[in-house]
Amino acid sequence: MTAQLIDGAALARQKIADLKQRVAALQAKGVTPGLATVLVGDDPASRVYIRNKARACAEAGVNSIHHDLLATASEQDVLDLIERLDNDPKVHGIIVQLPLPRHLDAQCVSQSVAYEKDVDGFSWHNLGALMENAPGIVPCTPRATMALLEHAKISIEGRHAVVVGRSVIVGKPAALLLINAGATVTVCNSRTPDLGAMTRQADILVVATGRANLITRDMVKPGAAVIDVGINRLHNGKLAGDVVFDEVKEVAGWITPVPGGVGPMTVAMLVENTVNAAARLVSQQ
Ligand code: GUN
């Protein structure tokens, strides 16, 4: 059996085209959605992600404003910048690209973003709302995961979903979204003993560990939907996910490629979170 490919790049293009229309409608009311991006230091991968986010914003008509801080910036420097952005009426969304240099407290920095502008969905307010299945801003990569499943018309209610990875950026919020959608959810990590015994139970397998080649063919139930969140740079310079794509596509029912799967859709979700944040402001005026 050969899996159906879930084309995240194509779906992201469609999403951005839809958002462009919403942005035009907001502009007609005098508001251009604005996203502020903050990069501390010069991590090359982070710079690529920031560039992709700025490009997607431009395509949708969202104004993106980038702020670079030196790797040696103090925590107060970062907090001062975020306070300025929190108070800037032209800014509807703020992201601080992670990881931060080690001398900075990432939790303290992330929690200083006003929750109304927290388009990463990392604030305790928004994460708490997700826990309650209440309205709030949902983290982008888990939203992308759900959007890809929905696009492929994969039913979630009553299915067994296994999430490999327990980060606040992906694993934990993805598990909550799947729980809220009615799945039975098992959360594992790369060190779970006999990981394959767990992943083989998955109708829906979401992998977000940052370990290339972790999931092999024998670890996947035939016909399962496999969402590969990993983006790993191999020694040869190529990108690979956490799933051995060429093997797993022979047993899975659906699979996302890397690159071209979750990544572009995550960026589209960030743009959507920003447009939603701007639209909320307009509705309150
Ligand atoms: N680093 C890796 N993924 C993310 C993300 O979704 N948001 C931010 N801010 N940093 C990241």
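Residues numbered from 1 in each chain as written. Predicted model: local features only at pLDDT ≥ 70, side-chain atom pairs only at ≥ 80, totals over all residues. Heavy atoms only, no water.

Colleague: Describe the overall build of the protein, with residues and values.
Modeller: Along the protein, the regular secondary structure elements total ten helices and eleven strands. On C-alpha atoms alone, the protein measures out to a radius of gyration of 19 Å, which is about the 19 Å that the 2.2 N^0.38 rule sets for 285 residues. Principal-axis analysis of the C-alpha atoms gives the protein an extent of 50 × 40 × 35 Å. Across the 285 residues in the protein, those meeting the buried criterion constitute 51%. Here the analysis covers contacts within the protein between residues at least 6 apart in sequence; of these, 71% occur between residues at least 24 apart. Of the roughly 13,500 Å² that the protein leaves accessible, carbon and sulfur atoms contribute 53%. The centroid of the 27 positive side-chain charges in the protein is displaced by 4 Å from the centroid of its 28 negative side-chain charges. (Helix = DSSP H or I, 4+ residues; strand = E, 2+ residues; numbered from the N terminus. Rg over C-alpha atoms; globule rule 2.2 N^0.38 Å. Buried < 20%, exposed > 50% of the residue type's maximum accessible area, 1.4 Å probe, protein only. Contact = heavy atoms within 4.5 Å. Areas by Shrake-Rupley, 256 points an atom, 1.4 Å probe, with all protein chains shown as cover. Lys, Arg positive; Asp, Glu negative; His and termini not counted. Charge placed at Lys NZ, Arg CZ, Asp CG, Glu CD.)

Colleague: Provide a residue-level description of unusual backbone geometry, including the pertinent values.
Modeller: Note the cis peptide between L98 and P99, where omega equals 5°. Considering the arrangement of structural elements, one finds P99 in the loop between strand 4 (93–96) and helix 4 (106–111). For the bond from V258 to P259, the omega torsion is 0°, close enough to zero to count as cis. Relative to the helices and strands, P259 is located in the loop between strand 11 (254–255) and helix 10 (262–284). Despite not being glycine, N133 shows a phi value in the positive range, around 60°. Mapped onto the secondary structure, N133 falls in the loop between helix 5 (124–132) and helix 6 (140–151). Residue N133 is classed as exposed on the basis of its relative accessible area, which comes to 52%.

Colleague: Give a detailed account of the side chain of H92, specifying residues and quantitative values.
Modeller: Looking at where H92 falls in the secondary structure, it is placed in the loop between helix 3 (75–86) and strand 4. Apart from the residues within four sequence positions on either side, H92 is in contact with V31, T32, P33, G34, E116, K117, V119, T274, A277, A278 and L281.

Colleague: Hey, could you go over the site of the ligand for me, with residue numbers and the actual values?
Modeller: All residues adjacent to the ligand are V96, Q97, L98, D120, F122 and I169. Between the ligand and V96, the relevant distance is 2.8 Å, taken from a nitrogen atom to a main-chain nitrogen or oxygen of the residue. One nitrogen or oxygen atom from the main chain of L98 is found 2.9 Å from a nitrogen atom belonging to the ligand. Considering the ligand on its own, with 280 Å² of exposed area, one finds that the protein chains cover 81% of that surface. Looking at side-chain class alone, the shell around the ligand contains four nonpolar, one polar and one charged residues. (Near = heavy atom within 4 Å. Polar contact = N/O pair within 3.5 Å; in protein donor to acceptor, adjacent residues only side chain to side chain. Nonpolar A, V, L, I, M, F, W, Y, C, P; charged D, E, K, R; others polar.)

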